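What follows is the residue order along each chain.
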Amino acid sequence: FSQYRERVDFTELRQDIAAANARYPADVVDWIRAHSTPEDVFLSTDDASLYVVSPAGRKVVATNRYFSNPYVDWVARDADRRAMFDRLAQFDAAGFGALARKYGVRFVVLSEDRSPEWLRASGMRTNDLPVIDPEALGTLPGFTLAFRSKRFEIVALSHPERSAAVAPDHESIKSYVPK
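As the structure is a prediction and not an experimental result, all values here were calculated from the model.

Asks: Please set out the environment of Glu117 residue by residue, giving values where relevant.
Replies: Considering the arrangement of structural elements, one finds Glu117 in helix H7 (residues 116-120). Judged by relative accessible area, which is 49%, Glu117 ranks as partly exposed. Residues Glu117 and Arg23, spaced 94 residues apart in sequence, show a C-alpha to C-alpha distance of 9.0 Å.

Here's what the structure looks like:
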């Protein structure tokens, strides 16, 4: 028994996992499940796609290449994801919209957690995250700041071509944003 208590998986590895679990953004996952459908597509970086959107059972434009479906063109999807984030950073709603429609993007997840502890697990560095002001983004036509926590923001997109049954109720979404 004593030799098992000293093993790495019962000591250091267990401490690392416990620390990661303490940082897990369950509030964001819960919000996604409550305010979106399994058919909704999220634009997100690798950290959010792996540990927030996918665990909520939702789709992403692209995720970390090692966890991506081998039958889809990851290079093209990743390039489009980067282009969409670049257009959002420039507040180019029309350019963003053209690419977003291609994938049916309904939500954009913006990661504010730039800590090495959070990013390391997804293979990212701080400069891999786009710098986008979610409040300013929420002022663009068709964009609504829907969720905010200390570590993440979610911006909802309204597409007139989508049916009202599938589109989120923006009034209930706005009321959920913590002050």
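Asks: Describe in detail the packing of helix H5 (residues 74-89) against helix H6 (residues 93-103), supporting the description with residues and values.
Replies: Following both chains from N to C, one finds H5 and H6 inclined at 145°, their axes separated by 8 Å at the closest point. Of the two elements, H5 crosses H6, and the hand of that crossing is left-handed. Facing H5, whose interface residues are Ala76, Arg77, Asp80, Ala83, Met84, Arg87 and Leu88, H6 presents Gly95, Phe96, Leu99, Ala100, Lys102 and Tyr103. Split by residue class, the contact of H5 with H6 holds 8 nonpolar, 1 polar and 4 charged.

Asks: Which residues make up the pattern of salt bridges, and what are the values?
Replies: Any two side chains of opposite charge can pair if their charged atoms end up close together. Overall, the coordinates contain 7 salt bridges when judged by the stated rule. The shortest N-O distance in the salt bridge between Arg82 and Asp78 comes to 3.0 Å. Taken as a pair, Arg82 and Asp78 lie in helix H5 at a separation of 4 residues, close to a single helical turn. Residues joined in a network through salt bridges with shared partners are Asp46, Asp78, Arg81 and Arg82.

Asks: So what's going on with the sheet that holds strand E4 (residues 143-148)? Residues and values would help.
Replies: With mixed pairing, 5 strands are arranged side by side in an open sheet as E2-E1-E3-E5-E4. At either end of the open sheet lies a strand with only one pairing partner, and these are strand E2 (59-60) and E4. Two elements, E4 and strand E5 (residues 152-157), share 5 bridges in a ladder whose sense is antiparallel. Residue Phe147 lies in a different strand from E5, and its bridge partner there is Ile154. Contacting strand E1 (41-43), E2, strand E3 (105-111) and E5, helix H4 (residues 46-53) runs over the sheet at an angle of about 105° to E3.

Asks: Lay out the side chain of Arg81 with the relevant residues and their values.
Replies: With respect to the secondary-structure elements, Arg81 resides in helix H5. A polar contact of 3.2 Å, which involves the side chain of Arg81, links it to the backbone oxygen of Ser44. Setting aside residues up to four positions removed in sequence, Arg81 forms contacts with Leu43, Ser44, Thr45, Asp46, Val61, Ala62 and Thr63.

Asks: Before we move on, can you summarise the packing of aromatic side chains with the specific residues and values?
Replies: Under the defined criterion, the tally for this structure stands at 4 aromatic pairs. Look at Phe42 and Phe107: their rings are 4.9 Å apart centre to centre, the planes differ by 15°, and that puts the pair in the stacked class. Taken as a pair, Phe42 in strand E1 and Phe107 in strand E3 lie far apart in primary sequence, 65 residues in all. The exposure class of Phe42 is buried, given its relative accessible area of 0%. An aromatic cluster is present here, built from Trp31, Phe42, Phe107 and Phe147 joined pairwise through their rings. The residue whose ring lies beneath Arg106 is Phe107, and the NZ or CZ to ring-centre distance is 5.7 Å.

Asks: Break down the nonpolar core for me, with residues and values.
Replies: One finds Val28, Trp31, Ile32, Val52, Val109, Phe152 and Ile154 to be the most contacted residues of the largest nonpolar core, which totals 21 residues. Of all the elements in the fold, those that place two or more residues in this core are helix H3 (26-35), H4, E3, H7, E4 and E5. With 4 residues, the single largest contributor to this core is H3. Ranked by size, the runner-up nonpolar core spans 20 residues in total, among them Val41, Ala100, Ile132 and Leu137.

Asks: Explain H3 to me, and be specific about the residues and the numbers.
Replies: If you check which residues of H3 are buried, you get Val28, Val29, Trp31, Ile32 and His35. In a view along the axis of H3, the buried residues occupy a sector of 160°, so they form one face of it.

About the cut-offs
- Residues numbered from 1 in each chain as written.
- Predicted model: local features only at pLDDT ≥ 70, side-chain atom pairs only at ≥ 80, totals over all residues.
- Heavy atoms only, no water.
- Helix = DSSP H or I, 4+ residues; strand = E, 2+ residues; numbered from the N terminus.
- Buried < 20%, exposed > 50% of the residue type's maximum accessible area, 1.4 Å probe, protein only.
- Axes fitted to C-alpha atoms, helices over the stretch in contact; angles between N-to-C directions.
- Left-handed = near helix turned anticlockwise from the far one by under 90°.
- Contact = heavy atoms within 4.5 Å.
- Nonpolar A, V, L, I, M, F, W, Y, C, P; charged D, E, K, R; others polar.
- Salt bridge = Lys/Arg side-chain N within 4 Å of Asp/Glu carboxyl O.
- Pairing = 2+ DSSP bridges.
- Polar contact = N/O pair within 3.5 Å; in protein donor to acceptor, adjacent residues only side chain to side chain.
- Phe/Tyr/Trp six-rings, centres within 6.5 Å; stacked < 30°, edge-to-face > 60°.
- Lys NZ or Arg CZ within 6 Å of the ring centre and 35° of its normal.
- Core = buried A, V, L, I, M, F, W, Y, C linked by side-chain atoms within 4.5 Å.
- Arc of directions from axis to C-beta.

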